[in-house]
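Listed below are the residues making up each chain.
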Amino acid sequence: MCAMLYFFFDSDTLENIYTTNKLHLCQMLTLSRNYFSSSSIYVKFDGVFCLLHISVVEQCICNRVKVDEMVLEWVAYSTTKNGLKLTMQTLEQFEHEVTRTCGFYFSWLEVFTSVQIVLIEEEENLLDSYSTPAKGSQKRALTTPEHPHSKRSVALLSSPGLLLSPASFSPSVTPSQKYSQRSAKGEVMVSFGAVQGTRWAGRKTPGAGVQVELLEGPEDSLCSSYKYMFQRLRDVRNVLTEKIEELGEGLRSHFSIEEFSPVSLPAQDVITVLGQVCCDSNGKLNAQSVLLEAGPEQGGQQVPVDLSELKEYSLFPGQVVMMEGMNTTGRKLVASKLYEGVPLPFYTPGIFVSLFKLYAAAEPMNVLVACGPYTPSDGLTFDPLIDLINVIVKDRPDVCLLLGPFVDSKHEQIEKAQVTETFEAIFSRCIESIVDGTNSVGCRLVFVPSQRDIHHHFIYPQPPFTLPNLSKEQAQRITLVPDPCTLLIDGVTFGVTSTDILFHMGAEEISCGTGSERFSRILKHMLTQRSYYPLYPPVEDVNMDYEKFQSYGQMPLTPDILIIPSELRYFIKDVVGCVCVNPGRLTKGQVGGTYGRLLIQRPAPSEDGTRQIPCSAAQVVKI
């Protein structure tokens, strides 16, 4: 490619354009139009210098096609159209009908950078020809994209499009056809709040002054890896017992219950009992298999529960509940009333801190949320991630919450070991591309790991990523957090988890006569159980460390916004005052998925003290 295409300006000019302006890939060609007065450019075609319109050159670059190949494509296309003349209108028609259907891969900056490398190398070789070589020195070979790069050349390859080239990861470089041919790009799928006339953009200086921190503080948060696979059964039992006692105390005080009765004690009167829902076998929970297991203070026994007298209920294994009913024989509890749990209060900053942040952040804050995988299932091309970076550059959000998996363990090529680099190397280059691609925006980046990240610890709670090669400037923009976590972003609390608890609980929950939608019920269970993963036992895919889960897997409060991505359908819901967002996944198999965006406007304190939702608007958008 580089042997066929030469741009007629010197390497210093090219390097100055790229490094000084630090432009995004998709802005480079726009700059070339403005930087040069002519709308045409000289290229070398079959040894002859030709004057081509810059749009033709754009087609070559954007579709990674050699100049002669593009000319032949145009001749063939023009012939089928009865000698169509070359104009801007026919060029656009040619692009739509030909180049978009020929399977060309979008990676034009690789060409642009390769041209830059060739120019620099040729300039150095020219200077070397006028000097006497040192003893034992050898002439350096010319570097091209078809041959390995020198160390100096590799340093120039810092663009997202080039770092994420599929040839680096897998022998198969064919891009996903279904993804490139997807429809409804940028279409809004779900809206919440006052979205009419909303400007989806960050502040004038995105990320400036935005504080992103773990609510509990670094000293009380999971900030590093830990030893696992050492827990004992009695330790698990102690954690579950403390959970029953803690939630039971909240239920007792809220509903003014004097004391709880033992679940297995025969009684002729109505009693109030406390316990954890479980199943009488290893199968799926149903209305006939419900057991209530009490804590040690209530006897620690299990008793079957008859739900026939309950008009409505929603239960799942691991749920701590309070029931009223009769147990005349001590062998079965006939439940007549079921008490729901009580969520924790919301975050309330001090009055002086609240007023200061209110005046300091008069502008709304734009938050972008995306969840992996970031590649289609039929190839390791990071096209969806590159498109997401383009969205970030366009919308300029203040904060980007990016959840894993970044290197998906369920990807077909990874499962079959069809990659040419280590998983850690792929992950590092993926993160580097995100950081460099959004450098011109200056937004804050928050990275959340996933159980499906094959290079990371496969345990829950999951420690944050480690990025030892970050520069000081990059480290100021990046926040590495565990899964799950509770974030405080400019006075607004975010509960974040990348584990698909919606899917896990949806498969285990049973309900009758509730009249509410399933997602809302599950989300309410999470908030009232005060846990990011209230299901017990967990699904086989989740390796739970219960001692760490007790410390880092519980909700310290009810978050203002709960980010809970899932394989299930995307949504935005208000559940007991908490805005719950499932942004979906950036890719769904071989096709494009969705991402979310939120507009956070901290409301002024109301006169009557009523809490107002800080999320003024939110949307789920097709990538």
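Whatever comes next refers back to the structure up there.
Let us look at the structure shown here. All values derive from a computational prediction rather than experimental measurement.

**So, the sheet that holds strand β7 (residues 302-306)**
Sheet architecture is closed into a barrel: 5 strands sit in the order β5-β6-β7-β10-β9, paired in mixed fashion. Each strand of the sheet is rotated relative to its neighbour by a mean of 55°, with strand direction disregarded. Note: strand β5 (residues 267-279) against strand β6 (residues 290-293), 4 bridges, orientation antiparallel. When the sheet's bridge partners are listed, C278 is paired in β6 with L291.

**So, the packing of aromatic side chains**
Following the criterion strictly, the structure yields 12 aromatic pairs and no others. Between Y460 and Y533, the aromatic rings sit 5.7 Å apart at their centres with planes inclined by 55°, giving tilted as the arrangement. Of the two residues, Y460 is situated in the loop between β13 (444-448) and α15 (472-477) and Y533 in the loop between α17 (518-529) and α18 (546-552); the sequence distance between them amounts to 73 residues. Taking the relative accessible area as the measure of exposure, Y460 reaches 0% and is therefore buried. Y533 sits in the buried class, given a relative accessible area of 1%. On the numbers, 6.2 Å between centres and 40° between planes, the contact of Y460 with F549 is tilted. Here Y460 is found in the loop between β13 and α15, whereas its partner F549 is found in helix α18, with 89 residues between them in sequence. Among the residues examined, F549 registers a relative accessible area of 6% and is labelled buried. What links up through ring pairs into an aromatic cluster is the set Y374, F406, F427, F447 and F465.

**Describing the pattern of salt bridges**
Tallied over the entire structure, the rule returns 16 salt bridges. Of the charged contacts in the structure, one is a salt bridge between R237 and E293, with a shortest N-O distance of 2.8 Å. You can see R237 sitting in helix α10 (residues 233-254) and its partner E293 sitting in strand β6, a full 56 residues away along the chain. Between R429 and E421 there is a salt bridge, and its shortest N-O distance comes to 2.4 Å. R429 sits in the buried class, given a relative accessible area of 18%. Here the residues in one salt-bridge network are D408, R452, E567, R585 and K588, joined through shared partners.

**Some points on the nonpolar core**
Core analysis: the largest hydrophobic core is formed by 35 residues, its most contacted members being L388, L402 and F406. Elements that contribute at least two residues to this core include exactly β11 (365-371), α12 (383-395), β12 (399-403), α14 (423-437) and β13.

**What about a negative patch on the surface?**
On the surface, a cluster of negative charge is contributed by E242, E245, E246 and E297. Following the sequence through the fold, E246 ends up in helix α10. Residue classification places E246 among the exposed residues on the basis of a relative accessible area of 55%.

**Concerning the sheet that holds strand β14 (residues 478-480)**
With mixed pairing, 7 strands are arranged side by side in an open sheet as β3-β24-β23-β11-β12-β13-β14. If you trace the sheet from one side to the other, it starts and ends with β3 (188-193) and β14, each paired once. Sheet twist, expressed as the mean angle between neighbouring strand axes with direction ignored, is 15°. Where β3 lies against strand β24 (residues 615-622), 5 bridges are found, and the strand directions are antiparallel.

**What to know about the pairing of strand β16 (residues 492-496)**
Of all 5 residues in β16, 5 are buried; the element is thus mostly enclosed. Of the two faces of β16, the one lined by V492, F494 and V496 and the one lined by T493 and G495 are each fully buried. Sheet analysis places strand β15 (residues 485-489) next to β16, joined by 5 bridges and oriented antiparallel. Bridge pairing in β16 links T486 to G495. What sits between the antiparallel neighbours β15 and β16 is a turn of 2 residues, in which D490 has the positive phi angle 50°. Strand direction decides the pairing type here: β16 and strand β18 (residues 561-563), joined by 3 bridges, are parallel. When the sheet's bridge partners are listed, V496 is paired in β18 with I563.

**Thoughts on α10**
Counted at 1.5 Å a residue, the expected span for α10 with its 22 residues is 32 Å, and the 32 Å between its end C-alpha atoms agrees. Turning to α10, its buried residues number three or more, namely D235, V236, V239, L240, T241, K243, I244, L247, G248, G250 and L251. The secondary structure elements touched by the buried residues of α10 are β5, β6, β9 (320-327), α17 and α18. Just downstream of α10, S256 is the residue with a positive phi angle, here 55°.

**Things to note about the environment of I572**
With respect to the secondary-structure elements, I572 resides in strand β19 (residues 571-575). In this structure I572 comes out as buried when scored by relative accessible area, which is 10%. In this structure the C-alpha to C-alpha distance between I572 and G596, which are 24 residues apart in sequence, comes to 9.3 Å.

**With respect to unusual backbone geometry**
Here the amide bond leading from G372 into P373 is cis, since omega sits at 10°, within 30 degrees of zero. Among the secondary structure elements, P373 is positioned in the loop between β11 and α12. Here D483 and P484 are connected by a cis peptide whose omega angle stands at 0°. Along the chain, the position of P484 falls in the loop between β14 and β15.

Thresholds, definitions, all that
Residues numbered from 1 in each chain as written. Predicted model: local features only at pLDDT ≥ 70, side-chain atom pairs only at ≥ 80, totals over all residues. Heavy atoms only, no water. Pairing = 2+ DSSP bridges. Helix = DSSP H or I, 4+ residues; strand = E, 2+ residues; numbered from the N terminus. Axes fitted to C-alpha atoms, helices over the stretch in contact; angles between N-to-C directions. Phe/Tyr/Trp six-rings, centres within 6.5 Å; stacked < 30°, edge-to-face > 60°. Buried < 20%, exposed > 50% of the residue type's maximum accessible area, 1.4 Å probe, protein only. Salt bridge = Lys/Arg side-chain N within 4 Å of Asp/Glu carboxyl O. Core = buried A, V, L, I, M, F, W, Y, C linked by side-chain atoms within 4.5 Å. Patch = residues over 30% accessible without salt bridge, like charges linked within 9 Å, V, L, I, M, F, W, Y side chains within 5 Å. Areas by Shrake-Rupley, 256 points an atom, 1.4 Å probe, with all protein chains shown as cover. Lys, Arg positive; Asp, Glu negative; His and termini not counted. Charge placed at Lys NZ, Arg CZ, Asp CG, Glu CD. Expected span 1.5 Å × (residues − 1). Contact = heavy atoms within 4.5 Å.

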